[in-house]
Amino acid sequence: MAVTGLMMFGFILGHLAGNLLIYAGPDTFNAYAKKLQSLGEFLWVARCILLTALLFHVLSAIQLTFENRKARPIGYRRYDPEVTTYAARTMMLSGIILTAFIVYHLLHFTFRLTHPEVSNLHDARGNHHVYAMVVQSFRQWPVAVAYIAAMVPLCLHLSHGISSAFQSLGLQNNRLLPVFKNAARGIALLIFVGYASIPAACLSGLIQYTAGRTP
Amino acid sequence: MKLKLRIWRQKNAQSQGRFETYTAENVNPHMSFLEMLDVVNEDLLGKGIDPIAFDHDCREGICGACSLMINGEAHGPGRGVTACQLHMRVFKEGDEITVEPWRARPFPVVRDLVVDRSSFDRIIQAGGYISASTGGVPDANAIPIGKPFADKAMDAAACIGCGACVAACPNASAMLFVAAKVSHLALLPQGRIEAKPRVSAMIQSMDNEGFGNCTNHFECEAACPKEINADFIARMNREYLQTKICPEVS
């Protein structure tokens, strides 16, 4: 759980860094996308590793949930937890929403099936116009809202998950624990702001794409 | 003080239990929670009703026998207290109090509020000891131990094995108990020798008993009457991972 979680956390950071290049304009963004695509087999190795990590993460989550339910067959009539957080108690729910989001997200931008009308344009250099695909997708408010909404469970999942992973791996002590807890919350919030800013910027017109104005 | 009690009654391990409502009259605020139950039991006996069975022994917070889930909290409200050290002054006139036994599959109810915690004993039998050859008692100062290690080991050794950590955990996990037992021995030179086989055997035993898994809610730490820190769980995880990677005795 911890190891696969941290692997995906690493991806989330890298993916965010890449996505933020959208603010550098269409040229940079499309060049970055082309660079990624040109990695060829390395790209597939990375995809396989991530997919395996996701699979193991989901399978262990299911196993943990079943074992934990079995450990307390009769629940309490009254149960007042003192310190646990909303994020910690809803890891399964946020995880399910995120899995559904990943499926939609892949169909949208990787397989380009959900919005084909804006997904297969090319820029002046003949590269796939990823910038246009992203901006025009997010000009449709239901899409932008769905993406921003999906970042809420991501933020919650990470706010518990990051520090939890370090605790599970034993890389923590009572001096580091509060540091990790607060850092995890801070990082989760920054990741939310970073990711959600892109659909928000497209929807509000801060990032614009005009057809034919390609360099 | 007059209180309304909603208490779990169960004749034996096989029978179906249910909640019964009782009224506790003339409760003195200086009574402990267990003394209040004693008074209620006196009253029940007078009426020809079976008294409420609950575990208790020292009544001074050091034995780990009492085990009541009071108003949804293990050992009731307040940090660092057992049910026997919980005083009725924390409640108000007319309060409704729900009292339940610890709930976990490895802690089956024996009767009313009494649960069988022998799963903890079996975990200890799996490795919660040091092997000592027979002979004279060694001199207390023969092995020098650094003060920080002695202090830390003592913090873990404060565990009285009451099971509040399991009761309070949303997953009924026994990680804090096992971590405390693993750590208090592993931190001292006498216990260090068997640290690796111990952590493997005790975790294996814990899993076999059917306790849940730790998902880092830290409810155990909040409920622990001895305020044992959850960083012992990280310490045990570290010890366990090291053992899995390099099983030879260090």
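Given the structure is predicted, the values throughout are model-derived calculations rather than measurements.

## Remarks on the overall build of chain B
On a plain count of helices and strands, chain B comes out with nine helices and seven strands. Overall size of chain B, expressed as C-alpha extent along the three principal axes, is 60 × 35 × 35 Å. Residues classed as buried in chain B amount to 51% of the 250 residues present. Within chain B, counting contacts between residues at least 6 apart in sequence, those at least 24 apart form 70% of the total. When the accessible surface of chain B is summed, it comes to about 11,300 Å², and 51% of that surface belongs to carbon and sulfur atoms.

## So, the layout of surface pockets
Roughly 250 Å³ of internal volume is contained in the second largest pocket. If you go around the second largest pocket, you meet 15 residues; those closest to its centre are A:Pro73, A:Ile74, B:Gln10, B:Arg103 and B:Val109. Tallied by class, residues from the lining of the second largest pocket come to eight nonpolar, five polar and two charged.

## Let's talk about the side chain of B:Ser183
All names here are of chain B. For Ser183, the position within the fold is in helix 5 (residues 175–186). A relative accessible area of 1% means that Ser183 is categorised as buried. With residues up to four places along the chain from it excluded, the contact list for Ser183 reads Ala156, Phe232 and Arg235.

## Overview of a nonpolar patch on the surface
Residue and element names in this part refer to chain A. Together, Leu55, Leu59, Ile62, Phe66, Met92 and Ile96 make up an exposed nonpolar region whose accessible area comes to about 580 Å². Looking at the nonpolar patch, the element that brings in the most residues is helix 3 (residues 41–71), giving four residues. On the secondary structure map, Met92 appears in helix 5 (residues 91–110).

## Remarks on the domain arrangement of chain B
Residues and elements named next belong to chain B. The domain boundaries assigned to chain B delineate domain 1 (3–110) and domain 2 (119–245). For domain 1 versus domain 2, the distance between C-alpha centres works out to 29 Å. The partner domain 2 presents 20 residues to the 19 residues of domain 1 that form the contact. Linking domain 1 with domain 2 are zero salt bridges, by the criterion used here.

## Some remarks on the packing of aromatic side chains
Two measures describe an aromatic ring pair: the distance that separates the ring centres and the angle between the ring planes. In the structure shown here, the tally under the stated rule is 15 aromatic pairs over all chains. An angle of 85° between the planes, with centres 5.2 Å apart, marks the rings of A:Phe101 and A:Tyr147 as edge-to-face. A residue pair is termed long-range when its members are at least 10 positions apart, and A:Phe101 in helix 5 and A:Tyr147 in helix 8 (residues 141–168) qualify at 46 residues. The class of A:Phe101 is buried, set by a relative accessible area of 14%. Note on B:Phe33 and B:Phe91: the rings are 5.9 Å apart at their centroids and 50° apart in plane angle, and the pair reads as tilted. In this pair, B:Phe33 is assigned in helix 1 (residues 33–46) and B:Phe91 in the loop between strand 4 (73–74) and strand 5 (96–100), connecting sequence segments 58 residues apart. The buried category is assigned to B:Phe33, whose relative accessible area is 0%. Here the aromatic residues A:Phe101, A:Tyr104, A:Phe109, A:Phe138 and A:Tyr147 are joined through ring pairs into a cluster of three or more.

## Topic: the pattern of salt bridges
Applying the stated criterion across every chain yields a total of 17 salt bridges over all chains. Close ionic contact of A:Glu82 with B:Arg79 constitutes a salt bridge, the shortest N to O distance being 3.4 Å. Of this pair, A:Glu82 sits in the loop between helix 3 and helix 4 (86–89) while B:Arg79 sits in the loop between strand 4 and strand 5, which puts the two residues in different chains. Residue B:Arg79 is classed as partly exposed on the basis of its relative accessible area of 48%. Here B:Arg6 and B:Glu96 are joined by a salt bridge, their closest N and O atoms 2.5 Å apart. Pair noted here: B:Arg6 is in strand 1 (residues 3–9) and B:Glu96 is in strand 5, with a separation of 90 residues, a long-range link.

## Some points on helix 9 (residues 231–245) of chain B
Since the α-helix packs 3.6 residues into each turn, any two residues three or four apart lie on the same face. In a regular helix each residue adds 1.5 Å, so 15 residues correspond to 21 Å; helix 9 of chain B covers 21 Å between its end C-alpha atoms and thus fits that length. The complete set of buried residues in helix 9 of chain B reads B:Asp231, B:Phe232, B:Ile233, B:Ala234, B:Met236, B:Asn237, B:Glu239 and B:Thr243.

Conventions adopted
Residues numbered from 1 in each chain as written. Chains lettered and ligands numbered in written order. Predicted model: local features only at pLDDT ≥ 70, side-chain atom pairs only at ≥ 80, totals over all residues. Heavy atoms only, no water. Helix = DSSP H or I, 4+ residues; strand = E, 2+ residues; numbered from the N terminus. Buried < 20%, exposed > 50% of the residue type's maximum accessible area, 1.4 Å probe, protein only. Contact = heavy atoms within 4.5 Å. Areas by Shrake-Rupley, 256 points an atom, 1.4 Å probe, with all protein chains shown as cover. 1 Å grid on protein atoms, 1.4 Å probe; cavity = no way out; pocket = protein on both sides within 12 Å on 5 of 7 lines; lining within 4 Å. Points joined across faces, edges and corners; volume = space filled by probe spheres on them. Nonpolar A, V, L, I, M, F, W, Y, C, P; charged D, E, K, R; others polar. Patch = residues over 30% accessible without salt bridge, like charges linked within 9 Å, V, L, I, M, F, W, Y side chains within 5 Å. Salt bridge = Lys/Arg side-chain N within 4 Å of Asp/Glu carboxyl O. Domains from an automatic or database assignment. Phe/Tyr/Trp six-rings, centres within 6.5 Å; stacked < 30°, edge-to-face > 60°. Expected span 1.5 Å × (residues − 1).

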